[in-house]
Amino acid sequence: MPQARYQRIHRKKAQDLRSARWFAPDDLRSFTHRSRIMQMGYAPEDWVGKPIIGILNTWSDLNPCHGHFKQRVDDVKRGVLQSGGFPVELPAITMSESFMKPTTMLYRNLLAMEAEEQIRAHPVDGVVLMGGCDKTTPGLIMGAITAGLPMIYLPAGPMLRGNYAGQQLGSGSDAWKYWDERRAGTITARQWLGVEGGIARSYGHCMTMGTASTMTAIADAMGLCVPGTSSIPAADAGHIRMAAACGRRIVEMVWEDLRPGQIVTDAAVRNATIVAMATGCSTNAVIHLLAMARRAGVDWTLDHLDALSREVPVIANIRPSGDAYLMEDFFYAGGLLGLMGRLREKLDLECLTVMGETLGDALADAPVYNDDVIRPLSNPVYHEGSLAVLRGNLCPDGAVIKPSACEQRFQRHTGPALVFDSYPEMKAAIDDENLDVTPDHVLVLRNVGPLGGPGMPEWGMLPMPKVLLQQGYRDMLRISDARMSGTSYGACVLHVAPEAHIGGPLALLRTGDMITLDIPNRTLNMDVSEAELERRRAAWQAPQPKFERGYGWMFSQHISQADQGCDFDYLTREFGKPAGEPDIY
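Here we summarise the structure given alongside this text.

Along the backbone of the protein chain there are 21 helices and 14 strands. Radius of gyration (C-alpha) of the protein chain: 24 Å, near the 25 Å computed for a compact globule of 585 residues. Principal-axis analysis of the C-alpha atoms places the extent of the protein chain at approximately 80 × 55 × 55 Å. Split into buried and exposed, the 585 residues of the protein chain put 60% on the buried side.

As structure tokens, this is what we get:
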């Protein structure tokens with residue numbers, strides 16, 4: 001049944017504002033709060049009777065994706081002031097995919113915890129979340145969903161197209177491509193340096209349909225952004241205007257008391273999944289969607305994702321699933337609203353957005369200007385959705401592959417395993433020109449999952465063996481319990497669960513065992529008898545723990561497996577209710 005239509009009316013009065021608990025009472029504690037805010041040069045006219053808006057800013061000198069946030073936060077503040085609010089900036093941990101090691105995934109839940117506690121502990125009535133680089137989107141949203149105050153997500157936007165020698169370059173995708181060519185000896189060191197200097201030409205996140213573009217599109221489709229704004233390039237003047245619009249709108253959301261629990265519903269998560277599949281999304285969407293949905297109390301599983309993948313074709317012709325275009329082209333072609341307009345018949349149009357209107361309202365005028373960039377459903381890039389969920393005796397709890405970004409011949413494949421227990425071992429082998437490997441072999445890297453990595457690094461697009469590159473091959477079947485960059489491509493099976501580090505079946509695989517992949521039937525199996533697996537299981541020894549203290553130790557004690565979204569067990573709804581409002585005495 002359709003929801004009752006939300007009415008955009010002011011439900012709150014000034015005395016009902018959450019921040020009034022800090023500033024309104026005539027007592028000693030509120031005297032302290034008022035005197036300390038006046039210490040910073042503010043007067044009562046700045047805050048009395050006004051919503052206080054927290055702006056969680058993930059800017060950092062070491063996050064090039066968010067390089068413009070140092071200025072953009074002022075644009076948000078301008079919008080807040082225009083609507084009669086009082087803006088306050090709250091710096092949050094940034095997570096630069098390029099520089100944070102071993103992986104930002106180790107810290108996604110830390111950002112979620114920080115966002116939740118920043119929102120709860122401070123005198124704010126609503127929040128603008130500034131993110132974009134891969135894990136910042138799910139981390140901020142997970143925390144804000146749990147905190148439950150009105151929130152709006154401001155996406156960083158994709159960078160401009162890369163360019164070298166007159167050729168467009170795509171983030172990540174062309175890095176992998178040209179690195180293989182350099183290892184094969186087909187390009188020079190000078191050409192390689194030219195690619196290095198031309199592949200990232202402005203601030204903003206990756207401009208392929210990698211994890212950053214995927215997750216901001218998911219946030220947008222879920223109703224958490226000003227509709228369609230995830231497509232705006234970071235360097236476009238429209239991005240500045242969008243930031244101010246976020247500031248204006250969050251003030252109204254506070255008065256309307258429009259909260260994430262009214263927006264992130266079962267239907268909204270389903271919409272976001274449909275849109276993700278149609279974009280040719282990153283495989284990382286699986287882990288983050290599961291975690292975000294469960295924070296909102298939506299029971300979303302790998303089976304839900306796979307079922308929708310069979311129904312929804314890829315219609316965004318954006319690399320790496322597409323063959324030519326980048327996010328800048330996608331924006332000019334109509335962007336996410338144009339794509340969602342073509343999916344209208346598959347979406348629940350009654351879902352609310354942060355605008356207090358329905359998704360149907362947002363799609364009332366959603367034209368497409370280039371039918372090759374945003375394809376009609378009758379002419380898709382790939383006949384099914386971006387991802388496929390596999391199961392079998394190698395991955396009883398699931399694994400993920402991106403069929404839309406690998407060669408058709410890998411739809412069904414059988415070959416012998418070549419197994420590596422660590423990245424250094426694998427790296428040494430693939431550079432060995434005498435390595436005994438054929439194009440039919442299956443490269444396997446294990447002990448790189450949530451616990452084994454630690455943090456499930458993006459090592460799953462295993463480099464091609466040099467000997468095969470020199471023979472002209474550019475793809476082969478690869479399997480791991482790691483993740484891979486959303487900008488990656490190839491026949492890579494990822495997120496094998498349970499992971500090898502905790503004794504999952506991947507830990508029992510041996511070099512020479514035959515592996516069979518069948519994407520149409522969604523299976524991945526090793527041809528090893530159950531009796532032999534039992535013998536190997538009895539002989540298996542658990543690896544030593546990665547951490548003995550600190551955050552890493554805490555991570556290791558509480559992280560869930562990939563099929564559960566890799567959230568901490570104590571942050572899920574099943575563990576307990578969210579904390580209430582803080583005591584103020």
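There is more to say after this.
Right, let's get into the pattern of salt bridges. Summed over the entire model, instances satisfying the criterion amount to 39 salt bridges. For Arg161, the salt bridge goes to Asp329, with nearest N and O atoms at 2.8 Å. You can see Arg161 sitting in the loop between strand E4 (151-155) and strand E5 (162-164) and its partner Asp329 sitting in helix H15 (residues 327-332), a full 168 residues away along the chain. Residue Arg535 pairs with Glu532 through a salt bridge whose shortest N-O separation is 2.9 Å. Remark: Glu532 and Arg535 occur in helix H20 (residues 530-539); sequence separation between them is three residues, near one turn of the helix. Judged by relative accessible area, which is 19%, Glu532 ranks as buried. Salt bridges here are not isolated pairs; linked through shared partners, they connect Glu97, Asp134, Lys135, Glu458 and Arg483.

On the basis of which strands lie adjacent, the open sheet formed by eight strands has the order E7-E8-E12-E11-E10-E9-E13-E14 and mixed pairing. Of all the strands in the sheet, the pair left with one neighbour each is strand E7 (388-390) and strand E14 (523-526). Neighbour-to-neighbour, the strand axes of this sheet turn through a mean angle of 25°, independent of strand direction. Sheet analysis places E7 next to strand E8 (residues 398-401), joined by three bridges and oriented antiparallel. Counted as the bridge partner of Val389 is Val400 from E8.

Turning our eyes to something else, we now look at the nonpolar core. Among the nonpolar cores identified, the biggest contains 122 residues, and Val128, Met222 and Leu339 are the most heavily contacted of them. Formed by 29 residues, the second largest nonpolar core is a distinct cluster that contains Ala388, Ile401, Leu477 and Val493.

A word on the side chain of Arg249. Relative to the elements of secondary structure, Arg249 occurs in helix H10 (residues 237-256). Owing to a relative accessible area of 4%, Arg249 belongs among the buried residues under this scheme. A distance of 2.8 Å separates a polar atom in the side chain of Arg249 from the backbone oxygen of Val354. Apart from the residues lying within four places of it in its own chain, the contact partners of Arg249 are Arg8, Ile152, Glu256, Leu258, Val354, Met355 and Gly356.

Moving on: the environment of Thr511. Structurally, the position occupied by Thr511 is in the loop between strand E12 (492-497) and strand E13 (514-518). Along the sequence, Thr511 and Tyr423 sit 88 residues apart, while their C-alpha atoms lie 16 Å from each other. Residues within four places of Thr511 in sequence aside, it is in contact with Ala417, Leu418 and Val419. In this structure the side chain of Thr511 is engaged in a polar contact, spanning 3.0 Å, whose partner is the backbone nitrogen of Val419.

Our next topic: the packing of aromatic side chains. When we look at a pair of aromatic rings, we describe it by the centre distance and by the angle of the planes. Across all of its chains, the model carries 10 aromatic pairs by this definition. Each ring, one from Tyr551 and one from Phe555, has its centre 6.4 Å from the other, and the planes form 55°; the classification is tilted. You can see Tyr551 and its partner Phe555 sitting in helix H21 (residues 550-558), four residues apart, about one turn around the helix. On the accessibility criterion, Phe555 (2% relative accessible area) is buried. Seen in terms of ring centroids, Phe568 and Tyr570 are 5.5 Å apart; in terms of plane orientation they differ by 25°. Their pairing is stacked. Each residue in the set Tyr107, Tyr551, Phe555, Phe568 and Tyr570 is aromatic and connected to the rest through ring pairs, giving one cluster. Over the ring of Trp22 we find Arg21; its NZ or CZ atom is 5.8 Å from the centre of that ring.

Another point: the packing of helix H7 (residues 173-184) against helix H8 (residues 189-198). Running from N to C, H7 and H8 point in directions that differ by 170°, and their axes come no closer than 11 Å. If you check the angle between H7 and H8, you find them roughly antiparallel. For the pair H7 and H8, contact is made by Ala175, Tyr178, Trp179 and Arg182 and by Ala189, Trp192 and Val195, respectively. Tallied by class, residues from the contact of H7 with H8 come to six nonpolar, no polar and one charged.

Criteria and thresholds
Throughout, a residue's number is its position along its own chain's written sequence, starting from 1. This being a predicted model, a pLDDT of at least 70 is required before a residue's local features are given, and a value of 80 or more before pairs of side-chain atoms are given or counted; all residues contribute to the totals for chains, interfaces and linings. Side-chain descriptors were evaluated using all non-hydrogen atoms of the structure, hydrogens and water having been removed beforehand. Under the DSSP-based scheme used, a helix requires at least four consecutive residues in state H or I and a strand at least two consecutive residues in state E, with every element numbered from the N terminus. A radius of gyration in this sense is built from C-alpha atoms; the matching globule rule multiplies 2.2 Å by the number of residues raised to 0.38. Accessibility here uses a 1.4 Å probe with only protein chains present; expressed as a share of the type maximum, an area under 20% marks a residue as buried, one over 50% as exposed, and anything in between as partly exposed. Counted as salt bridges are all cases of a side-chain nitrogen of Lys or Arg within 4 Å of a carboxyl oxygen of Asp or Glu. Any two strands with at least two DSSP-identified bridges between them are counted as paired. Note on method: axes are straight lines fitted to C-alpha atoms, helices fitted across the in-contact stretch only, with angles between N-to-C directions ranging 0 to 180 degrees. What is meant by a nonpolar core is a set of buried Ala, Val, Leu, Ile, Met, Phe, Trp, Tyr and Cys residues, joined one to another through side-chain atoms within 4.5 Å. Under this definition, polar contacts are N or O atom pairs within 3.5 Å; protein pairs additionally need one hydrogen-donor-capable and one acceptor-capable atom, and for neighbouring residues in sequence, both atoms have to be side-chain atoms. Any pair of residues with heavy atoms lying within 4.5 Å of one another is described as a contacting pair. Pairing of aromatic rings covers Phe, Tyr and Trp, the last counted by its six-membered ring, and requires centre-to-centre distances within 6.5 Å; plane angles under 30 degrees mean stacked, over 60 mean edge-to-face, and any other angle means tilted. The criterion for a charge sitting over a ring is simple: Lys NZ or Arg CZ within 6 Å of the ring centre, and within 35 degrees of the ring normal. An angle counts as roughly parallel when it lies under 35 degrees, as roughly antiparallel when it exceeds 145, as roughly perpendicular when it falls between 65 and 115, and as oblique in every other case. Under the convention adopted here, Pro, Cys and the residues Ala, Val, Leu, Ile, Met, Phe, Trp and Tyr are nonpolar, Asp, Glu, Lys and Arg are charged, and Gly plus all remaining residues are polar.

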